[in-house]
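# Coordinates in review
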Amino acid sequence: MSLVDWSTGKYAPWTSPTVLDLLPDLSDEEKRRLRLQGRLPEREEDIPRFAPPGPPHPVPCAGVTPGTDAAIILSVRHALHHYNARHPAGEFEAVKLLAEDGLHFRDEVWSHANFWARSRSSKKIKRFFAEVHYKAPPCPDPSSQAPFIATVETCTIIEEPLTLYRKSCAFCRGYLDILHPMDDSEFVCGRGNEEDWNVQEWFGMRFICRKGETFPFSY
Ligand SMILES: [Zn+2]
């Protein structure tokens, strides 16, 4: 491995796209939302015309498409792969993770996420919601690298207007602002009334179970 690999080559640090990079392909409503969050100037004329100077965009890390947020998590990749397989004429590429929350439910790790993805045909960016969970491989053998088994319950576009959607569920923390499908039969964990669920923290990890079920640990 040469020094070039580290500075400009395949191991060079990757610059994630900023909101300004993505602005031309965001809807007016997403821009309004960014303004409300203080992430975009109120007045159009105050928006910088050019991205602030920085290091030249390096060659991305292996497996990262140019213009893509390197922080996009595995569950988003799994979710969008699932979506694209079912919509071959309307495929998207993930560009930026917006928020993600996760916890343990019935011996699996569950994740809810919002992310932006770009249409391969129109190049416009849409917001997605995804629910993915991971199960440990059977008979885990520490010497093997057997992957966790991913199940995508839902990967769906959050169509505008965004104000119609719930910002949390029984397990997602509200401040993360993760928009969930209006029809909560579209996801499994945390749907319905919050009173129907119990959430506990255990050694820094969060667990959820339905009322009447028991947690996989005892006090
Ligand atoms: Zn949620």
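Computed from a prediction, not measured in an experiment: that's the story for all the values here. Every chain begins its residue count from 1, and numbering advances along the sequence as written. Per-residue local features are limited, in this predicted model, to residues with pLDDT of at least 70; the limit for side-chain atom pairs, both in listing and counting, is 80 or more; totals at the level of whole chains, interfaces and linings are taken over all residues.

### Things to note about the overall build of the protein chain
Quick note on the threshold: Secondary structure elements are defined from DSSP: runs of H or I of at least 4 residues count as helices, runs of E of at least 2 residues count as strands, and each element is numbered from the N terminus. Think of it as a crowd count around each C-beta: if 20 or more other C-beta atoms lie within 10 Å the residue is buried, if 12 or fewer it is exposed, and in between it is partly exposed, with C-beta placed from the backbone throughout. Two residues form a contact once the distance between their C-beta atoms, set from the backbone, is within 7 Å.
What the protein chain contains, in helices and strands, is four helices and six strands. In sequence order, the secondary structure elements of the protein chain are arranged as α-α-α-α-β-β-β-β-β-β. Taken over 219 residues, the protein chain has a buried fraction of 21%. Intrachain contacts of the protein chain at a sequence separation of at least 6 include 54% that bridge at least 24 residues.

### Concerning the nonpolar core
Note the cut-off: By convention the nonpolar core is taken to be a set of buried residues drawn from Ala, Val, Leu, Ile, Met, Phe, Trp, Tyr and Cys and joined through C-beta atoms within 7 Å.
If you look at the biggest cluster of nonpolar residues, it comprises 28 residues, and the most contacted ones within it are Val76, Ala79, Leu80, Ala94, Phe115, Ala117 and Ala130. Within the residue set of this core, elements represented by two or more residues are helix H4 (74-86), strand S1 (92-105), strand S2 (108-119) and strand S3 (125-135). Residues within four places of Ala117 in sequence aside, it is in contact with Leu80, Phe92, Glu93, Ala94, Val95, Ile125, Lys126 and Phe128.

### With respect to the environment of Pro41
Tracing the chain through its elements places Pro41 in the loop between helix H3 (28-36) and H4. Look past the residues within four positions of Pro41 in its chain and what remains in contact with it is Asp46 and Ile47.

### What about the confidence of the model for the protein chain?
So the rule is basically this: In predicted models, pLDDT denotes the confidence assigned by the predictor to each residue on a 0 to 100 scale.
Within the protein chain, residue pLDDT values average 83, and 78% of them lie at 70 or more. The low-confidence segment residues 53-63 (pLDDT under 50) makes 19 contacts with residues lying over four places distant or belonging to another chain.

### A short note on the pairing of strand S5 (residues 197-202)
The condition that has to hold: Paired strands, in this sense, are two strands between which DSSP finds at least two bridges.
Bridge count for S5 against strand S6 (residues 205-210) is six bridges, and the pairing is antiparallel. In the strand pairing of S6, Asn198 is matched with Cys209.

### A word on the environment of Arg166
Within the element layout of this structure, Arg166 appears in the loop between strand S4 (149-157) and S5. The partly exposed category is assigned to Arg166, around which 14 C-beta atoms lie within 10 Å. When the C-alpha atoms of Arg166 and His180 are compared, they prove to be 5.4 Å apart, with 14 residues separating the residues in sequence.

### Here's the deal with H4
At 3.6 residues per turn, the α-helix brings residues three or four places apart onto the same side. What counts is decided by this rule: A helix is expected to reach a length of 1.5 Å times the quantity of its residues less one. Picture the helix axis, draw a direction to every C-beta atom, and the arc is the one those directions span.
Taking 1.5 Å per residue as the helical rise, H4 with its 13 residues ought to reach 18 Å, and the 19 Å between its terminal C-alpha atoms agrees with that figure. Along H4, the positions that sit buried rather than exposed are Ser75, Val76, Ala79, Leu80 and Tyr83. Across the axial projection of H4, the buried residues extend over an arc of 125°, all falling on one side. Buried residues along H4 sit in contact with S1, S2, S3 and S4.

### Regarding unusual backbone geometry
Here the amide bond leading from Glu160 into Pro161 is cis, since omega sits at 10°, within 30 degrees of zero. For Pro161, the location among the structural elements is in the loop between S4 and S5. For Asp177, which is not a glycine, the phi torsion comes out positive at approximately 65°. Mapped onto the elements, Asp177 comes out in the loop between S4 and S5. Its 14 C-beta neighbours within 10 Å are what place Asp177 among the partly exposed residues.

### Topic: the environment of His133
Residue position: His133 is located in strand S3. C-alpha separation for the pair His133 and Ala150, spaced 17 residues apart in sequence, amounts to 5.8 Å. Setting aside its immediate chain neighbours within four residues, His133 contacts Glu108, Val109, Trp110, Thr151 and Glu153.

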